[in-house]
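Reading the structure
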Amino acid sequence: MIADKRQQEVRWLAADRNAWEGPSELINCFWDDGVFELFLEQYARTFSEEQCQSAFDLRDTLNAFCGATPDVLDPMETLRDPRWQVVRQKAAAFIDAFAGKWPDAR
C-alpha cells in the first residue's frame, strides 16, 4: 500500500474516505501491524543482497520521513511531499526485490 500512488490519491482524498485511509494510519500499520523491524530481525539473514538492501533502504527512508514530519499527516501535503515519493519508490523496490523470490526461512 505504501508503493501504490494511485490508491493513495484516490482514497486519501476521497470525500467518503474511512478514518484509517490516510498516511498516518498507513505508516502505523506498516510499523505496528506489519512489525517490520521484527521481520528484518528474524529473516534478514535469509535475504539476498538485493532483498536486504531494499528492505533496509525502505526502513531507513521511512524512518527519516517520519522523523521529519508531524505524527498526524495531512493527506494532500503528504502526496505532494517529494520525500514521500522517495518512500513510495523504496517500497516499490522492496516489492520488486521479493516478487516471486521469497527466501527459505530456515
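Just above sits the structure.
Because the structure is a prediction, the values reported are computed rather than measured.

Rules and cut-offs
Residues numbered from 1 in each chain as written. Predicted model: local features only at pLDDT ≥ 70, side-chain atom pairs only at ≥ 80, totals over all residues. Heavy atoms only, no water. Helix = DSSP H or I, 4+ residues; strand = E, 2+ residues; numbered from the N terminus. Buried < 20%, exposed > 50% of the residue type's maximum accessible area, 1.4 Å probe, protein only. Contact = heavy atoms within 4.5 Å. Areas by Shrake-Rupley, 256 points an atom, 1.4 Å probe, with all protein chains shown as cover. Lys, Arg positive; Asp, Glu negative; His and termini not counted. Charge placed at Lys NZ, Arg CZ, Asp CG, Glu CD. Phe/Tyr/Trp six-rings, centres within 6.5 Å; stacked < 30°, edge-to-face > 60°. Core = buried A, V, L, I, M, F, W, Y, C linked by side-chain atoms within 4.5 Å. Polar contact = N/O pair within 3.5 Å; in protein donor to acceptor, adjacent residues only side chain to side chain. Disulfide = S-S within 2.5 Å. Arc of directions from axis to C-beta.

Looking only at helices and strands, one finds 6 helices and 0 strands in the protein chain. Expressed along its principal axes, the backbone C-alpha trace of the protein chain runs to roughly 45 × 25 × 25 Å. For the protein chain, buried positions account for 38% of its 106 residues. Of the contacts formed within the protein chain by residues at least 6 apart in sequence, a portion of 68% connects residues at least 24 apart. Carbon and sulfur atoms make up 52% of the accessible area of the protein chain, which totals about 6,700 Å². Averaged over its 12 positive side-chain charges, the protein chain has a centre that lies 4 Å from the centre of its 19 negative ones.

Our focus in this paragraph is the packing of aromatic side chains. In this description, an aromatic ring pair is defined by two values, namely the gap between the centres and the angle between the planes. In total, this model carries 13 aromatic pairs according to the counting rule given. Relative to Trp-84, the ring of Trp-12 lies with its centre 5.9 Å away and its plane at 45°, an arrangement referred to as tilted. With Trp-12 in helix α1 (residues 5-12) and Trp-84 in helix α6 (residues 82-98), this pair connects stretches of sequence that are 72 residues apart. A single burial state applies to Trp-12 and to Trp-84, both of which are buried. Ring centres of Phe-39 and Tyr-43 lie 6.0 Å apart, and the angle between their planes is 50°; this geometry places the pair in the tilted category. A residue pair is termed a helical-turn pair when its members lie 3 or 4 positions apart in one helix, as Phe-39 and Tyr-43 do in helix α3 (residues 36-43) at 4 residues.

With that out of the way, let us pick up the nonpolar core. By size, the foremost hydrophobic cluster in this structure holds 23 residues, and its most contacted members are Ile-2, Phe-36, Leu-62 and Trp-84. Those elements that place two or more of their residues in this core are α2 (23-33), α3, α4 (49-67) and α6. The greatest single-element share of this core, amounting to 6 residues, is contributed by α6. Excluding residues that lie within four positions of it along the chain, Leu-62 makes contacts with Ile-2, Ile-27, Phe-30, Trp-31, Trp-84 and Val-87.

Moving on: the side chain of Gln-8. By the element assignment, Gln-8 lies in helix α1. A polar atom in the side chain of Gln-8 sits 2.8 Å from the backbone oxygen of Ile-2.

A complete count under the given rule lists 0 disulfides for this structure. A disulfide-free cysteine, Cys-66 has its sulfur positioned 13 Å from the sulfur of Cys-29, the nearest such atom.

Further remarks concern α1. For α1, the set of buried residues is Gln-8, Arg-11 and Trp-12. The arc enclosing the buried residues of α1, seen along the axis, measures out at 85°, which places them on a common side. Each element contacted by the buried residues of α1 is listed here: α2, α5 (75-80) and α6.

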